[in-house]
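Listed below are the residues making up each chain.
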Amino acid sequence: MMSGFWRMASTKIIFEYATFSILLLISLSYVATSLNVSTLCIKEERIALLKIRKDLKDPGNCLSSWIGKDCCNWMGIECDNQTGHILKLNLQNSRICTFTSIMEGSSLSGQLNPSLTYLKYLTYLDLSYNDFQGIPIPKFIGSLGMLSYLDLSQANFSGMVPSHVGNLSNLHYLDISSLFPSSLWVRDISWLSLLSNLQYLNMNSVNIRCSSTELFQAINMIPSLLELHLSFCNLHTLPPSLPFQNLTLLSILDLSFNDLNSTVIPSWPFNISTLTEIDLSSLSLSGPLSSKFGRGNLCKLQTLDLSENYQLTGDISELLEALSCSNQTLEWLLLSSNQLTGKLPNSLWQFNSLLELDLSNNSLSGPIPASVGNLSSLGSLNLQGNMMNGEIPESIGQLTKLSTLNLLQNFWEGTMTNIHFHNLTNLMSFSVSSKNKSLALKVTHDWVPRFHYLYNVEIRDCQVGPAFPNWLRNLKSLLNDIVLVLENVGISEEIPLWLFNISSQIWQLDLSHNEIFGYLPKALNFSSSYSPTVNLAFNQLKGSIPLWSGVSALYLRNNLLSGEIPVDIGKEMSQLTELDLSNNYLSGSIPLSINKMQSLSYLDLSNNHLVGEIPIFWMGLQRLGIIDLSNNSFSGGIPTSICSLPSLFILDLSNNNLSADLSSAFQNCSNLKTLVLKYNRFFGSIPKDVTKNLPLLAELLLRGNTLTGSIPEDLCHLPFLHLLDLSENRISGSIPACLGDVHGYKLPQTYFIYLMYSFVSEDHVPYTRHIELVFGGRIMDYINQMAVHSTIDLSKNDLTGEIPEKLSELVHLGALNLSWNHLTGNIPSNIGSLTDLESLDLSHNHLSGSIPPSMTSMTFLSNLSLSYNNFSGQIPVANQFGTFSDPSIYAGNPHLCGTPLPTHCSSLMLPPRDEEEDANEDDDKSERFWLYGSIAFGYITGFWVVCGSLVLKRSWRHAYFNFVYDMRDKLLVFIAVNMVRAKRRFGLETN
């Protein structure tokens, strides 16, 4: 919509300048034939004009004609032919200045002299399109009681609009607008109701600080009003209805671009039957739309703009039916960026006066009706970003006045042939894509298109190849702004020669995601004055890096390019703002001449074979925001000059051979948000004074180095931190409890997509942001706008102590990996509060206790590992735990039981007993204790009674042992005698 303002402003200037030129010729002719009746102006009024000129600054000498006595012939002055009084003072920039002065930016400035009030018969005052450098609108303007026309637009006034304007009761025309939000404001709007003859009111970009009720009550007191423009007025509400509708002549209503708090669609604008134009775009309106249209109320409507409200709903068929009264008058229907549904009806053909139909970025479905071919006046059709499907009708080729056709981002099927373009003789821009890649464009090889002005072609995700479409060789542009996009269209051949011929007129060339082969042509001449962008990424092009001077953005990633980066690339391509040479086979080092690319905003040389040290020349690249040198073979340290880049917010040096002490690195990197140094040989501790040197850091990935020391509590004070990967190092100590206070982990994961890292433009390819995280042993890649899991990965270190309870407060944490450490204690009981957690790995520690029941509340949990700890008890079975069927999740915990482990909890735990059984068991234990105690006491007593007496009494001891020896002898004799008797009895005795 902002471009629309520019178009309106520029059109107004050009139109008025042309009108002035014609009127000047007529007036000169008139003067030449009537010199004898020339009217001299009033002396007092001439003196007043000279005082006005004296206080004005006129660098373009626009008032050079203000000399002599006949002020009626001065530029911008018109007098009454009878009385000589000045009636009109037109100091509009385009009216009094030459075209050269306007192009040089010359305009009037300075002060407005109060002598203006001496022009008592003045009816017309125009000071628009000048630069009064923020002075207030003078109050004495309210003294010009005869004024019927007052235009102070685009003149850079500021301050409060004086209520004295309300004294101008004869005003028919009042314009105090600006193109952009200005410093003009108004609080008491009651003076507006005094302008009862007003027909035109434009207050665009004036900050209206009164209530909407007061504003529209005042406006409603102006029955003569024809046009009302209140765009960008900082209105927060609209009255749902007016107490009485007095605007019976209103033709144009513009309330666009106001930040409404109340999003209810007002009904009163659709009840004003005289309206020809309604602009309610960008108001944050919501709710059903078609119910607001009273049938038969808007029969004169020519323009309806409800675009970019985002929450407006309704069926497109019902809406068009409600507008059927205006089917012969409606010319512009702009409903983009809402939530409209349904299918385009066949009755669409009834709106045969339509010049522009914009239904882009809604949720429309179904095919384009064949009746679209009857919209004989249609100049622009935009259906981008819907869910429409089916075949594109051939009748679209009957739209002879169509200049813009945008069918991007739908689900088209079938085939488009030359018949679809048969009568599109005025086509200038054609765009189409199919999300399901089911659309083919097949035209005969010798087809010669009938359109002669086509300069913009954008075809994505369709089947066009394998050959380049030959009909595109006829693209031409007088302004050298050709746009040619053939992305992912199945082309598999070399770049044709005809592309060389039009390369000097190209503004944007995108041939990415094809299978274009051959050597990269160096003969292409991109010399367009619009600083063209070239995207040949994701092909099979070979050769070396070309030097295409004049190109502003060059994307050659994912090809087969080799050799070294040209030494003089910075000199020959000094206008580059974006350079992406990643994923090729480039070798050598980074040339020092890159330092001459003073407009370079991002540099991606990742995934090549580059070597050497990272240069220290960065001082010349003050606009550089992204540096990606990952996956190369760079060595040495990190230049301290990198932190001198004021715009740097992404630095990725991962997977190289860099080595340095990180403890004192990265001083004063005040804008850095992403720092990726994974898999290098960095040593020392985590950078010190993080909050001072890296205050905006949101992503810190240091995996796979040899860092030591503890985790500094300074990290806890980084407000945007949401990715922390310190795994595979030698970090020791405990986990700081203050990590539970990091604000970034308490924000939704989508918060960071656009706020922190959006580097997207509609005109060219953005930097391919690439984040690699490890979950459950699997590497997860996040590309560009994917929502990255908020992550804490401290695995494979030497951490000790317990898991802090405060980590349970990180409600939007997506992944937590503390595996392969020496942690002890229990899992925090409130860990179930981490309801966004999708991955949890606590394996290979010394944790104990039971698995907290609160973990069943983690319904997004999909990766879990608790193996090789000392957990005990039963495994929960509710919610997500019922889906964890892999026993390895809990392996190495011998005291765990339950599904999916083979160990049943009954084999580890006795059945439950009641209190009486417990009491009986206690009694049994008591009785057994006394029994064993008595036996022990008796044994000890008996032992010392017998043995103790023998030790103490020598005579008893001798008697006792004599007795023992006698008993031994008697026993041996008894045994010997009985053995002899036995032998005799059984005849075993020998002679």
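Overview of the structure. (Residues numbered from 1 in each chain as written. Predicted model: local features only at pLDDT ≥ 70, side-chain atom pairs only at ≥ 80, totals over all residues. Heavy atoms only, no water.)

Ranked by internal contacts, the top residues of the largest apolar core, which has 252 residues, are Phe666 and Tyr890. Ranked by size, the runner-up nonpolar core spans six residues in total, among them Ala553, Tyr555, Ile626 and Ile650. (Core = buried A, V, L, I, M, F, W, Y, C linked by side-chain atoms within 4.5 Å. Buried < 20%, exposed > 50% of the residue type's maximum accessible area, 1.4 Å probe, protein only.)

Where helix H5 (residues 212–219) is concerned, the buried positions are Ser212, Leu215, Phe216, Ala218 and Ile219. Down the axis of H5, the buried side of the element spans an arc of 155°, and every buried residue falls inside it. (Helix = DSSP H or I, 4+ residues; strand = E, 2+ residues; numbered from the N terminus. Arc of directions from axis to C-beta.)

Note on aromatic pairs: each is described by the distance of the centres and the angle between the planes. Inspection of the entire model under this criterion finds 17 aromatic pairs. Between Tyr124 and Tyr149 the ring centres are 4.0 Å apart and the planes differ by 5°, which places this aromatic pair in the stacked class. You can see Tyr124 sitting in strand S5 (residues 124–126) and its partner Tyr149 sitting in strand S6 (residues 149–151), a full 25 residues away along the chain. Accessibility assignment for this pair places Tyr124 and Tyr149 in one class, buried. Ring centres of Phe451 and Trp471 lie 6.2 Å apart, and the angle between their planes is 70°; this geometry places the pair in the edge-to-face category. With Phe451 in the loop between strand S26 (438–441) and strand S27 (456–460) and Trp471 in the loop between S27 and strand S28 (482–487), this pair connects stretches of sequence that are 20 residues apart. Here Phe451 and Trp471 have matching classes, each one buried. Taken together, the ring pairs connect Phe421, Phe430, Trp447, Phe451 and Trp471 into an aromatic cluster. We note Lys88 situated over the ring of Tyr124; from NZ or CZ to the ring centre the distance is 4.9 Å. For Arg209, the ring lying beneath its charged end belongs to Trp185, and the centroid distance is 4.3 Å. (Phe/Tyr/Trp six-rings, centres within 6.5 Å; stacked < 30°, edge-to-face > 60°. Lys NZ or Arg CZ within 6 Å of the ring centre and 35° of its normal.)

All right, on to the pattern of salt bridges then. Two side chains that carry opposite charge are able to pair once their charged atoms sit near each other. One pass over the full model with this rule turns up 10 salt bridges. For Arg460, the salt bridge identified is with Asp510, shortest N-O distance 3.7 Å. A residue pair is termed long-range when its members are at least 10 positions apart, and Arg460 in strand S27 and Asp510 in strand S29 (residues 506–510) qualify at 50 residues. Side by side, Arg460 and Asp510 carry an identical accessibility label, which is buried. Residue Glu728 is joined to Arg703 by a salt bridge in which the shortest nitrogen-to-oxygen separation is 2.8 Å. Pair noted here: Glu728 is in the loop between strand S47 (723–725) and strand S48 (732–733) and Arg703 is in the loop between strand S45 (699–701) and strand S46 (706–707), with a separation of 25 residues, a long-range link. Under the relative-accessibility criterion, Glu728 is labelled partly exposed at 26%. Given a relative accessible area of 5%, Arg703 falls into the buried group. Look at the salt bridges and you will find they share partners, linking Glu458, Arg460, Glu487 and Asp510 into a network. (Salt bridge = Lys/Arg side-chain N within 4 Å of Asp/Glu carboxyl O.)

To continue, consider the sheet that holds strand S11 (residues 207–208). One open sheet holds the three strands; their spatial order is S7-S9-S11, and the pairing between them is parallel. One side of each edge strand has no neighbouring strand; the edge strands of this open sheet are strand S7 (158–160) and S11. In terms of strand pairing, S7 meets strand S9 (residues 183–186) through three bridges, oriented parallel. Bridged to Met160 within S9 is Trp185. (Pairing = 2+ DSSP bridges.)

On to the pairing of strand S17 (residues 311–315). Alternating residues of S17 divide into Leu312 and Gly314, all buried, and Gln311, Thr313 and Asp315, none buried. Of the strand pairs in this sheet, strand S15 (residues 286–288) and S17 are connected by three bridges, and their pairing is parallel. Residue pairing in the sheet places Gly287 in a bridge with Leu312 of S17. Here three bridges tie S17 to strand S19 (residues 339–341), and the two strands are oriented parallel to one another. Of the residues in S19, the one forming a bridge with Thr313 is Gln339.

This part covers the side chain of Asn656. Among the secondary structure elements, Asn656 is positioned in the loop between strand S41 (650–652) and strand S42 (657–658). The class of Asn656 is buried, set by a relative accessible area of 5%. Within polar-contact distance, the side chain of Asn656 engages the backbone nitrogen of Ser633 at 3.2 Å. For Asn656, the side chain forms a polar contact with the main-chain oxygen of Leu653, separated by 3.1 Å. Leave out the neighbours within four places in its chain, and Asn656 touches Leu629, Ser630, Asn631, Asn632, Ser633, Phe634, Tyr679 and Asn680. (Polar contact = N/O pair within 3.5 Å; in protein donor to acceptor, adjacent residues only side chain to side chain. Contact = heavy atoms within 4.5 Å.)

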